[in-house]
Each structure stands twice: as structure tokens, then as C-alpha cells.
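# Working through the structure, step by step
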Amino acid sequence: MNTPRRSRTRPSEREHRRTPRDPRQAGLGAFPCPQRDRRGTLRQRIWRERWTYTFIVPGALFFLVFAYAPMAGNVVAFQQYSPFRGFAGSPFIGFANFTVLFQDPAILQALENTLVIAVLQLVFAFPAPIALALLLNSLISDRLKRMVQTVVYLPYFLSWVIVISVWQQVLGGGGLIAGLLDGWGASGFDAMTNADTFKLLVVAQNIWKDSGWGTIIFFAAIAGIPNERYEAAAIDGATPWQRTWHITLPALVPVATLLLILNIGSILTVGFEQLLLQQPMVGAEASEVLDTFVYFRGVLGGQWGIATAAGLLKGVIGTILVLSANRVAKRLGGEGIF
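Residues numbered from 1 in each chain as written. Predicted model: local features only at pLDDT ≥ 70, side-chain atom pairs only at ≥ 80, totals over all residues. Heavy atoms only, no water.

## So, the overall build of the protein chain
Scanning the protein chain for helices and strands turns up 18 helices and zero strands. For the protein chain, with 338 residues in total, the buried portion stands at 29%. Within the protein chain, contacts between residues separated by at least 24 positions form 62% of all contacts whose residues are at least 6 apart in sequence. Total accessible area computed for the protein chain in this model is approximately 22900 Å², and 63% of it derives from carbon and sulfur atoms. (Helix = DSSP H or I, 4+ residues; strand = E, 2+ residues; numbered from the N terminus. Buried < 20%, exposed > 50% of the residue type's maximum accessible area, 1.4 Å probe, protein only. Contact = heavy atoms within 4.5 Å. Areas by Shrake-Rupley, 256 points an atom, 1.4 Å probe, with all protein chains shown as cover.)

Here you go:
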């Protein structure tokens with residue numbers, strides 16, 4: 001029987017072989033080993049991740065060309081601009097355009113209409129997608145849920161020309177409701193030309209067109225809620241309303257806060273095409289907003305300086321509102337957007 005041969009290496013030699021030859025690997029303090037910065041310089045990191053940055057280029061070019069480059073045209077607000085002279089040839093007049101703008105009663109009427117429509121949209125149109133998402137989430141049948149989702153999504157893909165035409169055929173003087181009321185002896189119904197209720201009509205059109213699409217974001221937030229929370233609440237005896245109030249709604253608060261801040265930033269943008277198409281039916285006094293004011297004064301009226309001053313003022317107010325809303329959200333315990 002062959003016995004295994006024992007190693008003739010002495011224990012001291014074996015321990016010596018296990019000992020690293022490099023004193024820095026042995027952890028000796030006499031040989032400090034500085035940690036190498038693997039990140040490198042900014043140029044090296046960009047080159048190392050060049051294929052990742054390639055995906056950012058189209059979006060960056062879009063904002064650079066269509067958002068940041070046109071901001072150079074704001075210099076027109078401080079000039080007596082003429083398209084024939086250009087930016088360099090037009091005389092500089094300081095804040096004279098802003099002085100004329102604030103003295104114009106039309107801008108005050110446009111600002112009032114803009115603020116009223118914006119507040120109505122925040123009160124009624126903003127919560128509509130949240131309520132619709134909660135309603136659809138409560139449906140038990142998945143087939144019914146998908147069918148309702150498809151129906152409420154469709155208006156978002158229609159242009160405002162088609163939307164206004166559809167509403168005219170339903171709520172106009174010769175529309176469906178007017179015909180039914182005429183058959184019952186009540187004539188003269190025309191909601192599309194009523195200047196007193198026009199602002200509510202604009203908000204209703206926004207709800208009908210955009211609420212279905214807005215539910216997508218809230219559906220994604222609801223899908224991220226673990227089912228174990230609902231099951232635990234049901235075991236504890238919570239009703240469906242209590243589960244919605246204490247589980248679903250708190251999960252939607254961060255998303256709703258983010259969207260609310262963004263909507264506040266664009267509060268002075270209430271729909272140019274929508275209002276421009278309906279202005280001949282109700283008149284400028286009820287439908288003139290800042291966007292249509294800029295269009296009529298600048299593009300059609302040739303008062304480029306005053307129109308640019310109104311647009312610049314709108315952008316400054318929007319920026320201030322976003323910064324203020326973000327700070328308020330952080331003070332109330334939210335995350336904000338930056």
C-alpha cells in the first residue's frame with residue numbers, strides 16, 4: 001500500500017511562502033499605497049461612456065435648437081424692432097415696450113382671462129386624471145377596464161380643430177342638444193357662443209380631451225403599490241374606501257406634487273389654438289389670453305417689441321412660480337422637482 005509522501009518543506013518555509021513579497025500587500029504602514037482614482041477626468045469619463053452619451057444628443061439638440069436658441073430673440077423686447085433692419089439694425093429703446101404694455105387695457109383683460117382659466121383648470125382639470133385613475137382601478141373586470149381606457153384615451157389624439165367641431169355639433173346652436181330642446185319646446189340653446197360660461201366650457205373641453213391620457217402616469221404609480229398592503233388592510237377590516245384613502249392616495253402624492261409644480265409653471269399657457277378657434281364665436285373680451293394677445297399684436301399687428309415683452313413677462317412669471325412652488329413643496333415635506 002502506497003502511502004502519500006509528506007512534504008519535506010519546513011513549516012517556517014511554508015509560512016514564508018504564504019507571506020506576500022510586496023510589503024504593501026501585507027498591510028504594512030511603512031509603505032502607503034494611494035488609491036487610484038478610477039473615474040479619471042471629465043473628458044476621459046465622457047469618452048469611456050461615449051455610446052451612452054450618444055443617446056442624449058438628439059434630445060439635447062432638440063432643446064438647444066427649439067428652446068434655448070430662440071431665447072436670443074428676447075432682445076426684441078428692448079428694441080424698436082423692424083424685420084428689415086434685423087437685431088443689429090433696430091434701435092435700442094430700453095423698457096419703453098414694457099411701459100406701453102402695462103398701459104394697454106387689452107393686456108390687463110388678457111391677463112385676467114388667463115388667470116381665471118388657469119385657476120379653473122387647476123381646480124377642476126388637474127384632479128380629473130387622479131379621480132379617473134382611481135375609478136378605473138376600482139373596476140373588477142379587466143376587459144371592461146381596458147375598454148374604458150381605450151375610449152377615454154382617444155380624444156387626446158384628436159386635434160383641437162376636430163374637438164371644437166365635435167363640441168359645436170353637440171352644444172352649438174344647431175347641435176344635438178339644441179335640436180332635442182327644440183323638440184321639447186325650449187329653443188335658443190347655444191353653449192358655444194355664451195360668453196358668460198365660456199371659461200367653464202374651455203375647462204370642460206380640456207378635461208374631456210386630456211384626462212384620459214393623464215391617467216397613464218397615475219396608473220403607473222398605482223401599479224407600483226405592493227398588493228400585500230391591500231391584503232393586510234383588508235384583513236384588518238379596512239373598507240375599500242379606507243384602503244383607497246390610506247394606501248392609494250398617499251402613493252400618488254409624490255407624482256401629483258411633481259405634476260402640480262409643472263402645471264403651476266405653465267399656468268399662463270392656457271391653450272392658444274383652442275381659444276383662437278373659438279374667439280370669433282364669443283368675442284375677444286371673453287377669450288383673449290396672453291398667447292392670443294402676442295399673436296395678434298406681434299404676428300398680425302407688427303408690434304414685435306410689445307408682443308415680445310408680453311411673452312418675456314410671461315416666461316419670467318412662470319419661472320418665479322416654479323421656483324416658489326418647488327420651495328413650498330420642500331418646506332411641506334415633499335421632494336420637489338430639483
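Anyway, onward from the coordinates.
## Points about the confidence of the model for the protein chain
Low-pLDDT stretches of the model should not have their predicted coordinates read in fine detail. When pLDDT is averaged along the protein chain, the result is 83; 87% of the residues meet or exceed 70. By mean pLDDT, the top-scoring element of the protein chain is helix H10 (residues 160-171) (92), and the lowest-scoring one is helix H1 (residues 11-18) (48). Confidence drops under pLDDT 50 across residues 11-16; counting only partners more than four residues distant or on other chains, this segment forms one contact. Confidence drops under a pLDDT of 50 for residues 22-37, and excluding neighbours within four residues, the segment shows seven contacts in the predicted structure. (pLDDT = per-residue confidence, 0-100.)

## What to know about the pattern of salt bridges
Inspection of every chain in the model, using the stated rule, returns two salt bridges. Put simply, Lys-314 and Asp-291 hold a salt bridge, and the shortest N to O gap is 2.4 Å. Taken together, the residues Lys-314 in helix H18 (residues 304-331) and Asp-291 in helix H17 (residues 290-300) connect sequence positions 23 residues apart. Residue Lys-314 is classed as buried on the basis of its relative accessible area of 18%. Residue class for Asp-291 comes out buried when judged on its relative accessible area of 16%. (Salt bridge = Lys/Arg side-chain N within 4 Å of Asp/Glu carboxyl O.)

## A few points about the nonpolar core
Of all hydrophobic cores here, the largest spans 28 residues; its most connected members are Leu-101, Leu-275 and Phe-293. Per element, the largest residue contribution to this core is five residues, and it comes from H10. Setting aside residues no more than four positions away along its own chain, Leu-275 makes contact with Ile-117, Phe-198, Val-202, Val-270, Ser-287, Val-289 and Thr-292. Core analysis: the second largest hydrophobic core is formed by eight residues, Ala-133, Phe-218, Ala-221 and Ala-256 among them. (Core = buried A, V, L, I, M, F, W, Y, C linked by side-chain atoms within 4.5 Å.)

## Side note on helix H12 (residues 198-223)
Compared with the 38 Å implied by 1.5 Å per residue over 26 residues, the 37 Å span of H12 between its first and last C-alpha is a close match. Taking the largest bend as the criterion, H12 deviates by roughly 50°, centred on Asp-210. (Expected span 1.5 Å × (residues − 1). Bend = angle between axes of the 7 residues up to and from the residue.)

## So, the packing of aromatic side chains
What the rule picks out here adds up to 13 aromatic pairs. Between Phe-157 and Trp-213, the aromatic rings sit 5.6 Å apart at their centres with planes inclined by 85°, giving edge-to-face as the arrangement. With Phe-157 in the loop between helix H9 (142-153) and H10 and Trp-213 in helix H12, this residue pair connects regions lying 56 residues apart in the sequence. When its relative accessible area of 55% is taken as the criterion, Phe-157 is described as exposed. Relative accessible area serves as the criterion here: at 35%, Trp-213 is assigned to the partly exposed category. Members of the aromatic cluster, joined through ring pairs, are Phe-62, Phe-63 and Phe-66. Between Arg-50 and the ring centre of Trp-47, over which it is positioned, the NZ or CZ distance is 4.2 Å. Across from the ring centre of Trp-160, 5.2 Å away, lies the NZ or CZ of Lys-209, which sits over that ring. (Phe/Tyr/Trp six-rings, centres within 6.5 Å; stacked < 30°, edge-to-face > 60°. Lys NZ or Arg CZ within 6 Å of the ring centre and 35° of its normal.)

## A closer look at the side chain of Glu-288
Mapped onto the elements of the fold, Glu-288 is located in the loop between helix H16 (284-287) and H17. The buried charged residue Glu-288 lacks any salt bridge, with Arg-297 as its nearest oppositely charged partner at 6.3 Å. Setting aside its immediate chain neighbours within four residues, Glu-288 contacts Gln-109, Ala-110, Asn-113, Gln-279, Phe-293 and Phe-296. (Lys, Arg positive; Asp, Glu negative; His and termini not counted.)

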